[in-house]
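Coordinate inspection notes
Here is what each chain is made of, one letter per residue.
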Amino acid sequence: MIMIATIRSELTKISTLPSVWIVTGILLGLTLLLQVQGYQGIGLKLETLDANGMLWWYNSGPVPADLEILSDMAAQVFNPGIFFPVLGAVIAGAEFRTGQLGVSVLAVPNRMRLVLGKTIATAIYALGFSIIVSAMTLLATYLAVKDWQPDLIWRPEAFIGFGGSILFVVAITLIAFGTTLITRRTMFGILIMMAFTGVVMTQVLYGISPVLDALTPVSAARNWLLQSEGWGPGGGPAFSSSPEVGAAVLAAWAILAPVGAAFAIHRRDAR
C-alpha cells in the first residue's frame, strides 16, 4: 500500500508540473507534424504501386507494399520517440529545479522506494503518452491506405511493431530520467541523450567499433526495431547488432539507469 501511495503521489506530481505539460504539448505537436508527413509519404509510395503489390520507391528495386507500409508504421512511432528523452529529463530535473527533492525525501524517507515510485510513475506517464502516439499513427496510416488495404492496420505485424515502439518510448524516457537524476541537471540529461542519438546518426562510434556502437541505447533501439525481416531496405546508418541483442541492450539501459540513480541519490543524501 505504501508503494502504491508513493506511485500515486509521483503521478500527481508529474501531471501537475507546468514544464511537463509544456514538453508534452510540444511532443504532441511534433508527433502530429510527423504523422502528416508520414501520411503524405505513404500516399507518394502508393502512387508507385504495381499490379503485383510492389512499390517502386527505391532505386534498388521493388519492395512488397504491405511490408513497407508496416515498416513505416513502426518508424512513425520510433521517430518522435527519439525526442521523448526530453520528457524524462524534465520530469527528473524538476526535483532539482524547484528544490522538491528534499520535500520528497521527507515524505518518503526510504530513498530506494522513492526512486522506484518515481520510476514507475514516469513509466506509466510515458506509456500513456506512447499509446496516444500509436493511436495517432494508426489513424494516419488508416487514412492513407483505406482505399487500398483498409485492413492492413489490423495485421498482427502492425501490433507487434506498435508494441515494440511503445516499449522503446518507455525505455528511452526512463534512461533519460535516470541519467538526469544521476547528473542532477535537466540539460545534462538532455545533452547526454542527444549525444547518443548523434553517435548513431554520424556513425562515429560504428566506424571505430560496431560492438561499442551496439552498446549505446539509441543504436540498440534502432537495431531492435528497424530491421525486421521482410521489411523494405529503408536506408540510413548501418545496423550494428541483431534485433535480439538490441532489445537486450536497451532493456539493460532502462533498468540500470534508474538503479544507478537510486544509488546516487541514496549516497548523496547519506552524506
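Residues numbered from 1 in each chain as written. Predicted model: local features only at pLDDT ≥ 70, side-chain atom pairs only at ≥ 80, totals over all residues. Heavy atoms only, no water.

1. Section: the environment of I131
For I131, the position within the fold is in helix 6 (residues 111-145). Put simply, I131 and S165 are 34 residues apart on the chain and 9.6 Å apart in space, counted from C-alpha to C-alpha. (Helix = DSSP H or I, 4+ residues; strand = E, 2+ residues; numbered from the N terminus.)

2. Focus on the pattern of salt bridges
Charged atoms that come close allow side chains of opposite charge to pair. With the rule as written, the count across this model stands at six salt bridges. Residue D66 pairs with R155 through a salt bridge whose shortest N-O separation is 2.9 Å. Taken together, the residues D66 in helix 3 (residues 65-81) and R155 in the loop between helix 6 and helix 7 (156-183) connect sequence positions 89 residues apart. A relative accessible area of 19% places D66 in the buried class. Linking K146 and D147 is a salt bridge whose minimum nitrogen-to-oxygen distance equals 3.8 Å. Judged by its relative accessible area of 73%, D147 falls in the exposed class. Beyond isolated ion pairs, a larger network of salt bridges with shared partners links E10, K13 and K118. (Salt bridge = Lys/Arg side-chain N within 4 Å of Asp/Glu carboxyl O. Buried < 20%, exposed > 50% of the residue type's maximum accessible area, 1.4 Å probe, protein only.)

3. Considering the packing of aromatic side chains
Per the stated rule, a full pass over the model turns up three aromatic pairs. Relative to F129, the ring of F84 lies with its centre 5.0 Å away and its plane at 55 degrees, an arrangement referred to as tilted. Taken together, the residues span a long stretch of sequence, with F84 in the loop between helix 3 and helix 4 (85-97) and F129 in helix 6 at a distance of 45 residues. With relative accessibility at 1%, the residue F84 sits in the buried group. With a relative accessible area of 5%, F129 lands in the buried category. When the centroid spacing of 6.1 Å and the interplanar angle of 25 degrees are considered together, the rings of W154 and F159 count as stacked. The class of W154 is exposed, set by a relative accessible area of 54%. Stacked on the ring of F239, the Lys or Arg R222 has its end atom at 4.3 Å from the ring centre. (Phe/Tyr/Trp six-rings, centres within 6.5 Å; stacked < 30°, edge-to-face > 60°. Lys NZ or Arg CZ within 6 Å of the ring centre and 35° of its normal.)

4. Quick notes on the confidence of the model for the chain
Averaged over every residue, the pLDDT of the chain is 83; residues scoring 70 or more account for 87%. In the model, residues 229-234 has pLDDT below 50 throughout and makes 13 contacts with residues more than four positions away in sequence or in other chains. (pLDDT = per-residue confidence, 0-100. Contact = heavy atoms within 4.5 Å.)

5. Examining helix 3
For helix 3, built from 17 residues, the straight-helix expectation of 24 Å at 1.5 Å per residue is met to within 8% by its first-to-last C-alpha distance of 24 Å. Burial within helix 3 is extensive, with 15 of its 17 residues counted as buried. (Expected span 1.5 Å × (residues − 1).)

6. Thoughts on helix 11 (residues 217-225)
Of all nine residues making up helix 11, eight are buried, and the element is well covered by its neighbours. Those residues of helix 11 lying buried are P217, V218, S219, A220, A221, R222, N223 and L225.

7. Looking at the side chain of T137
With respect to the helices and strands, T137 occurs in helix 6. By relative accessible area, which is 0% here, T137 ends up buried.

8. So, a nonpolar patch on the surface
Side chains of M112, I255, L256, V259 and F263 sit close together on the surface and give an oily, nonpolar patch of about 470 Å² of accessible area. In terms of residue count, the dominant contributor to the nonpolar patch is helix 12 (residues 243-270) (four residues). Positionally, F263 belongs in helix 12. With a relative accessible area of 49%, F263 lands in the partly exposed category. (Patch = residues over 30% accessible without salt bridge, like charges linked within 9 Å, V, L, I, M, F, W, Y side chains within 5 Å. Areas by Shrake-Rupley, 256 points an atom, 1.4 Å probe, with all protein chains shown as cover.)

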